Amino acid sequence: MFEEAFRTGKMLLGSAPEETATLPDMMPVGAMVLAVVFIFLSITLLRRFLDILPLLVDSLFRARSGHSLENSVRYTQDRSMISLLMLIPTLLVVFRYRLYNPSFLHIMDPDIRLAGVAGVLVAFALIRYLIYILLKPRRRADNYILARRVGKTYYILLVLLVLITVGLLSLIKATDLTISIFIYVETAIVYLFLLFRKVQILSGSCNPLRTFSYLCALELIPTAILVVSALVL
């Protein structure tokens, strides 16, 4: 599916041959290596993913995010591994369809641009984790921790949904713009559901003001920084 998605893009560079113009930007060496690594690791973790998938879907409809999932050490570890694995397709999709596309990345070679996008995603994750650590309450932190963990569930399901969408739209030769719009819409919808679920979880131990403060600090501010950086830089 990654090969199909990377193969569909074209660059119109006038007299330059299409093969020469397309290959460096659409399929840099780093992207091909990551795609191979992802396929290999996906095969390795396929059984664990299939075991945990029903629990992930079930947690979407339960306010406590699925007690059977959260109370199992094995399942939580599997979810963490799978969420880390999903960083690879996230990077490839963001790079391929220029979902994060500030101007300073435009002048970079494809492999350097791929590394730049990876650096931004890592920085975004570190900022979120740092805020989480700084605001973690000393007592009665169960719901606070649970609110963070449930994000992994929504993230895995979002990436799975995006990969299916990219694969299907690539098969019907949809344009990059169409695919990007679908990805943005799906991301926004899943993100709104995540925010709602986190409010449900946090409100179990926090008053409304504190719940809103946590939500702003843990989700809205880091997301706003990422969006603004894409528009301004």
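Counting of residues starts from 1 at the beginning of each chain's written sequence and follows it residue by residue. This being a predicted model, a pLDDT of at least 70 is required before a residue's local features are given, and a value of 80 or more before pairs of side-chain atoms are given or counted; all residues contribute to the totals for chains, interfaces and linings. Side-chain measures were taken over the full set of non-hydrogen atoms in the model, leaving aside hydrogen atoms and water.

(A) Layout of the overall build of the protein. Each helix corresponds to a stretch of at least 4 residues labelled H or I by DSSP, and each strand to a stretch of at least 2 residues labelled E; elements are numbered beginning at the N terminus. Within the protein one finds eleven helices and zero strands. The N-to-C order of helical and strand elements in the protein reads α-α-α-α-α-α-α-α-α-α-α. The classification of residues rests on relative accessible area computed with a 1.4 Å probe and restricted to protein chains. Under 20% of the type maximum is buried, over 50% is exposed, and intermediate values are partly exposed. Taken over 233 residues, the protein has a buried fraction of 42%. Working rule for contacts: check all heavy atoms of both residues, and any pair within 4.5 Å makes them a contact. Within the protein, counting contacts between residues at least 6 apart in sequence, those at least 24 apart form 72% of the total. As displayed, the protein offers around 13,300 Å² of accessible surface, 71% of which is attributable to carbon and sulfur atoms. The method behind every accessible area is Shrake-Rupley, applied with a 1.4 Å probe, and residues are considered shielded solely by the protein chains displayed.

(B) Representation of the side chain of Arg-113 within the structure. Locating Arg-113 in the fold gives a position in helix 8 (residues 110–135). In protein, a polar contact requires one atom able to donate a hydrogen and another able to accept it; more generally it is a pair of N or O atoms within 3.5 Å, and residues adjacent in sequence count only if both atoms are side-chain atoms. Engagement of the side chain of Arg-113 in a polar contact is seen with the backbone oxygen of Phe-95, the distance being 3.4 Å.

(C) The nonpolar core, seen in detail. In these notes, a set of buried Ala, Val, Leu, Ile, Met, Phe, Trp, Tyr and Cys residues joined through side-chain atoms within 4.5 Å is what counts as a nonpolar core. Ranked by size, the top nonpolar core spans 51 residues in total, and within it Val-93, Tyr-97, Ile-179 and Ile-183 carry the most contacts. Looking at this core, the elements with two or more residues in it are helix 3 (29–44), helix 4 (46–59), helix 6 (73–85), helix 7 (87–96), helix 8, helix 9 (142–171), helix 10 (176–202) and helix 11 (208–232). Top contributing element to this core by residue count: helix 9, with 13 residues. Non-local contacts of Ile-183, meaning those with residues more than four positions away in its chain, are made with Val-93, Tyr-97, Leu-99, Val-162 and Val-166.

(D) Structural context of the packing of helix 9 against helix 10. Packing of helix 9 against helix 10 brings their axes to within 9 Å, and their N-to-C directions diverge by 160°. In terms of orientation, helix 9 and helix 10 fall into the roughly antiparallel class. Along this stretch, helix 9 crosses helix 10, giving a crossing that reads as right-handed. Looking at the contact of helix 9 with helix 10 residue by residue, the class counts come to 18 nonpolar, five polar and four charged. Each axis is a line fitted through C-alpha atoms, and for a helix only the stretch in contact is used; angles between axes span 0 to 180 degrees, taken between their N-to-C directions. Small angles under 35 degrees read as roughly parallel and large ones over 145 as roughly antiparallel, with 65 to 115 read as roughly perpendicular and the rest as oblique. The sense of a crossing depends on the near helix, which, turned anticlockwise from the far helix by less than a right angle, makes the crossing left-handed and, turned clockwise, makes it right-handed. For this classification, Asp, Glu, Lys and Arg are treated as charged, while Ala, Val, Leu, Ile, Met, Phe, Trp, Tyr, Cys and Pro are nonpolar and the rest, including Gly, are polar.

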